[in-house]
Amino acid sequence: LTTTRYTFQNCSKLVELDISGLSHTANPEYVYNMFAGCTGLQRISISAGLKLNGSSGDSCTLPTPSTGKWYNLSTGAEYLPNAIPVGVAATYVSSL
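Calculation rules
Residues numbered from 1 in each chain as written. Predicted model: local features only at pLDDT ≥ 70, side-chain atom pairs only at ≥ 80, totals over all residues. Heavy atoms only, no water. Helix = DSSP H or I, 4+ residues; strand = E, 2+ residues; numbered from the N terminus. Areas by Shrake-Rupley, 256 points an atom, 1.4 Å probe, with all protein chains shown as cover. Buried < 20%, exposed > 50% of the residue type's maximum accessible area, 1.4 Å probe, protein only. Polar contact = N/O pair within 3.5 Å; in protein donor to acceptor, adjacent residues only side chain to side chain. Contact = heavy atoms within 4.5 Å.

Just to check I follow, could you spell out the overall build of the protein chain for this structure?
Along the protein chain, the regular secondary structure elements total 0 helices and 5 strands. Beginning at the N terminus, the succession of helices and strands in the protein chain can be written as β-β-β-β-β. Accessible surface, the protein chain as shown: approximately 5,100 Å² in total, 47% of it carbon and sulfur.

Put into structure tokens, the structure is as follows:
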């Protein structure tokens, strides 16, 4: 994928999402606001090839859950929405 901007924007009733089969190209151009307004998202699975930040600095972060952090379901490690590791396939949840 080269462009994923606004893909899930304002999907406030989206609770769980598995996009572990999606990957961006080496230099995606537009990834910003992919999850903007996804206020109900509680669980997301992503692939190692999904880049949460675009090559031009466009911001694409997970929404901020009520806990303020996302947790890697396998390791329990916690991350701010703008600090989800790039290049790591994982499932993140809004609370453990």
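Which parts of the structure should I look at to understand the side chain of Asn72?
Examined against the element boundaries, Asn72 turns out to sit in strand E3 (residues 70-72). Taking relative accessible area as the criterion, Asn72 reaches 7% and is therefore assigned buried. Within the local environment of Asn72, its side chain forms a polar contact with the backbone nitrogen of Thr75, the two atoms lying 3.1 Å apart. Leaving out residues up to four positions away in the same chain, Asn72 has contacts with Ala77, Tyr79, Ala90, Thr91 and Tyr92.

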